[in-house]
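Residue-level structural notes
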Amino acid sequence: MRKLTKNDIDEFLNYYHFLHDSHIYKINYDVNKSLIEVEIDVYWSGEATKKEDNSLDTHKTKLCIVCNGIEECNNKAMYVFDYIDSAYLKYVTIMGKEFICLADDESDPSFYVVCDYIEYEEIDK
């Protein structure tokens with residue numbers, strides 16, 4: 001797994017196209033370890049390429065994001081048709097301590113988590 005840092009958040013968001021058109025398909029909570037594992041069907045990754053039939057290959061993949069040291073989280077009812085338009089991923093300060101926040105939307109998230117750090121990896125389809 002790769003740890004997300006302040007220096008590579010923009011690279012991550014750009015590579016995965018801000019998770020546009022992707023959707024969360026699984027959320028696992030581990031209260032004892034204070035972590036949340038989020039699995040996302042990612043629609044766009046890397047540079048899109050043209051297939052032989054001139055359609056775009058968006059390089060669909062699955063992403064596992066592990067949020068460690070949970071400070072806050074919220075999860076409204078989500079359904080398979082709830083696609084992410086533009087993910088929110090930023091460092092935030094709460095009561096003088098810095099955390100990283102991941103949400104499926106900046107203004108009205110269906111899912112968000114605030115934690116100490118995030119790790120991620122692509123997983124088998």
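In the block above lies the structure referred to throughout.
Throughout what follows, the structure given in this document is the object of discussion. Just so you know, these numbers come straight off a predicted model, no measurement behind them.

**Here's the deal with unusual backbone geometry**
In this structure, Phe18 is a non-glycine residue whose phi angle is positive, near 55°. Here the phi dihedral of His59 falls at roughly 60°; this positive angle occurs in a residue that is not glycine. Assignment of secondary structure puts His59 in the loop between β5 (56-57) and β6 (61-75).

**Examining the packing of aromatic side chains**
If you walk through the whole model with that rule in mind, you get four aromatic pairs. Consider the rings of Phe12 and Tyr120, whose centres lie 4.7 Å apart with planes at 65°: the pair is edge-to-face. Residue Phe12 is located in helix α1 (residues 9-15), and its partner Tyr120 is located in strand β9 (residues 111-123); the two are separated by 108 residues in the primary sequence. Looking at Tyr120, the relative accessible area reads 7%, which means it is buried. Aromatic pair Tyr43 and Trp44: ring centres 5.5 Å apart, planes at 70°, arrangement edge-to-face. By the ring-pair criterion, three or more aromatic residues cluster together here, those being Phe12, Tyr15, Tyr16 and Tyr120. One Lys or Arg, Lys6, reaches over the ring of Tyr91 and ends 5.4 Å from the middle of that ring.

**Here's the deal with the environment of Ile100**
Of note, Ile100 is situated in strand β8 (residues 97-103). The spatial distance from the C-alpha of Ile100 to the C-alpha of Leu4 is 9.2 Å, given a sequence separation of 96 residues. In contact with Ile100, not counting residues within four places along its chain, are Leu4, Ile9, Leu89, Lys90, Tyr91, Val113, Val114, Cys115, Asp116, Tyr117 and Ile118.

**Focus on the pattern of salt bridges**
Side-chain pairs of opposite charge can arise whenever the charged atoms involved come near each other. Using the criterion set out here, one finds six salt bridges in the structure. Between Lys6 and Glu98 there is a salt bridge, with its nearest N and O atoms 2.7 Å apart. Note that Lys6 is positioned in the loop between β1 (2-3) and α1 and Glu98 in strand β8, a separation of 92 residues in sequence. With a closest N to O distance of 2.9 Å, Lys76 and Asp108 form a salt bridge. With Lys76 in the loop between β6 and β7 (88-94) and Asp108 in the loop between β8 and β9, this pair connects stretches of sequence that are 32 residues apart. The exposure class of Lys76 is partly exposed, given its relative accessible area of 38%.

**Some details on the side chain of Ser22**
Note that Ser22 resides in the loop between α1 and β2 (23-30). Taking the relative accessible area as the measure of exposure, Ser22 reaches 0% and is therefore buried. Among the polar contacts listed, one links the side chain of Ser22 to the backbone nitrogen of Tyr43, at a separation of 3.0 Å.

The rules behind the values
Residues numbered from 1 in each chain as written. Predicted model: local features only at pLDDT ≥ 70, side-chain atom pairs only at ≥ 80, totals over all residues. Heavy atoms only, no water. Helix = DSSP H or I, 4+ residues; strand = E, 2+ residues; numbered from the N terminus. Phe/Tyr/Trp six-rings, centres within 6.5 Å; stacked < 30°, edge-to-face > 60°. Buried < 20%, exposed > 50% of the residue type's maximum accessible area, 1.4 Å probe, protein only. Lys NZ or Arg CZ within 6 Å of the ring centre and 35° of its normal. Contact = heavy atoms within 4.5 Å. Salt bridge = Lys/Arg side-chain N within 4 Å of Asp/Glu carboxyl O. Polar contact = N/O pair within 3.5 Å; in protein donor to acceptor, adjacent residues only side chain to side chain.

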